[in-house]
Amino acid sequence: MQPAFSVIFLTTLIGMGQGLFLALYTGQVYFVLNVVDKVSTDTFYSIGSAASLGLLILGLVASVFHLGRPERAWRAAAMWRTSWLSREVIILPTVMGLIFLYGLVHYMGWNLTVLTIGAVVIDLSLLIGLVATLAVFSLYIATGMIYACLKFLQEWHSPLTVINYILLGAVSGFTLATLIAAYNQPELIPFFAGWSIVLLVLAFIFRGASLIRNKRLRPKSTIQTAIGIRHNQIKQKAMGFMGGSMNTRDFFHGKTAFFLRSIKSLFIILVFAIPLIMLIIALLKPSVMILAIATVSMYLGLLAERWYFFAEGNHPQNIYYQAIA
Amino acid sequence: MTQLALVIDLNVCVGCHACVTNCKEWNTSGSAGALSDDNPYGKDPTGTFFNRVQTYEVGQFPKTETVHFPKSCLHCEDPPCVPVCPTGASYKREEDGIVLVDYDKCIGCRYCSWACPYGAREIDEHQKVMKKCTLCVDRIYDENLPEAERQPACVLACPTTARVFGDVHDPDSEVSVAIREQGGYQLMPEWGTKPSNHYLPRRKNHVSYKKDELERVDNPLKKEDYQVDASEPSLDDVTSW
Ligand code: SF4
Ligand code: SF4
């Protein structure tokens, strides 16, 4: 496929924003359950929620550039029964609203106790956070399923697509949370950095699995099934027109195999190698600079990763558009 | 239920592109607005079309055959392009099975074009909405046209009658009979889309004669009498007194 930058920015930005929220909430749950004794301050939650919301809004803005008719975008909520894209369109604003509420409750210090179970105090923000967490996971699933549900895009048609959207979004969000902690509350760095490393390793395993899977795929559609002629030697001589069309522009990246391989190595270094080293350094000797490098490297790497994800999708329609004469 | 569709005979198609031209002409002139073109006479021309005729070479020289292959939306019975559309702009009509795009609802997100394995959808770069073959839904029901002309523009244009239009769910229709009796098939059956349009394969029209079809066995007037031994009476001698 031809990667569209609007979609690359949309998926990476909202993925990171959602991951950041998950990081904040994980911290809160751990504290409430007394697993850790480091409590995040309300300022930390507010800054974190604001950053998360900011990323989601940027993602939404990027998505508008993908639409031919953005003024009608509201119509996209109609077909939620059948379309994952429609589901995403509904869940994204829901997530934004819930994260806004979550941040607001922390910012205003409305820590109303809703329920006490033994020593565990469940306050309003914890409840809102729970609903928001469910919404965040639904959004990850919806985003991943938009691609994973297209069965003839064999590279995408796998649960690995959804898992990778979740893991890569989460790891980028946790890394950003570590950076925010370094600014605001350095005592939280070990917690977030530790989680970031765990997620990073998981993401590496699953992204790697998807790369290996895709390398082994054999296309189900061939020129024989495309035109329905049984013969081993079929060549297209003319695709029917000499100029371009959407079919020749939207479905192929137009880059060399070498370029593709370079992007793959680049994203492995930027998403996994550099942030891993930086996170380990940050655990030993915390510094804003080191974590900023980790976060920026990871985000740039994710742009490359997403580009590669789209470029790797091999659309069967390309069989029909091979030759000009 | 009706399922309108085209049956395209690859044995007859000569690759003249008349269907492409007439399709473009009809569909660029309708009330839905032009099918836009950019730089039609300049460098890098580009434009939106519903129908294309492609050419394939089968075999290795000198034993090759040229196959001309027209391709447009196949109006799949289980169209993967429809459920993915977030707005409901893409839909399949209950009454005749035509897959259509409502240009007033489409947001131009291109998702449906990703979901069509055949590359049958093309976005209109000016109206910014998705377009595709409508089976000339604005012709086939038009009672102002003479009945014979209530057919898709491509079908009317085809000089060799390689394109036949009809209801593939009616077992007695011309299209169903052609599919059944001439080996009609669907494209990319591996995806379970069940295209309604069918293709008829290339066929060799061999005529084989047997010896007794060239030489008369029954030869009452003893003409061409190279076969029968005339010295012996035959049954014919008896009956032709
Ligand atoms: S050919 Fe493509 S656009 Fe037409 S109905 Fe089938 S999937 Fe949809
Ligand atoms: S481009 Fe239009 S018709 Fe296609 S999926 Fe998007 S809204 Fe639906």
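Above this text is the structure in question.
Residues numbered from 1 in each chain as written. Chains lettered and ligands numbered in written order. Predicted model: local features only at pLDDT ≥ 70, side-chain atom pairs only at ≥ 80, totals over all residues. Heavy atoms only, no water.

**Q** What am I meant to see in the interface of chain A and chain B here?
**A** Accessible area lost upon the coming together of the parts serves often as the stated size of an interface. Listed by partner, the interface residues are 60 residues for chain A and 54 residues for chain B. The contact between chain A and chain B buries some 4600 Å² in all, and 59% of this surface belongs to carbon and sulfur atoms. Together, Phe-152, Met-246 and Tyr-320 of chain A form the three largest contributors to the area buried by chain A at its contact with chain B, with a combined 13%. At the junction of chain A with chain B, the criterion picks out four salt bridges. Secondary structure elements with two or more residues in the side of chain A that touches chain B: α3 (84–108), α4 (124–148), α7 (223–227), β3 (234–238) and α8 (246–249) of chain A. Ranked by the residues each element gives to the side of chain A that touches chain B, the list is headed by β3 of chain A, at five residues. (Contact = heavy atoms within 4.5 Å. Buried area = accessible area lost by both parts, 1.4 Å probe. Salt bridge = Lys/Arg side-chain N within 4 Å of Asp/Glu carboxyl O. Helix = DSSP H or I, 4+ residues; strand = E, 2+ residues; numbered from the N terminus.)

**Q** Could you clarify how one ought to interpret the site of ligand 2 in this entry?
**A** The environment of ligand 2 is formed by 13 residues, the closest being Cys-85, Cys-106, Cys-109, Arg-110 and Cys-112 of chain B. Of the residues in the shell around ligand 2, the class split is nine nonpolar, three polar and one charged. (Near = heavy atom within 4 Å. Nonpolar A, V, L, I, M, F, W, Y, C, P; charged D, E, K, R; others polar.)

**Q** Sorry if this is basic, but what is going on with the sheet that holds strand β1 (residues 4–9) of chain B here?
**A** Two modes of strand pairing occur in sheets, parallel and antiparallel, and in both the strands are linked by backbone hydrogen bonds. Residues and elements named next belong to chain B. Read from one edge of the open sheet, three strands run β10-β1-β11, paired in mixed fashion. Strands with a single pairing partner mark the edges of an open sheet, and in this sheet they are β10 (163–167) and β11 (198–200). For this sheet the average axis-to-axis angle between neighbouring strands, irrespective of direction, equals 25°. Bridge count between β1 and β11: three bridges; the pairing is parallel. Within β11, the residue paired with Val-7 across the bridge is His-198. Most of the contacts of helix α5 (residues 174–181) go to β10, to which it runs at about 115°, and overall it touches β1, β10 and β11. (Pairing = 2+ DSSP bridges. Axes fitted to C-alpha atoms, helices over the stretch in contact; angles between N-to-C directions.)

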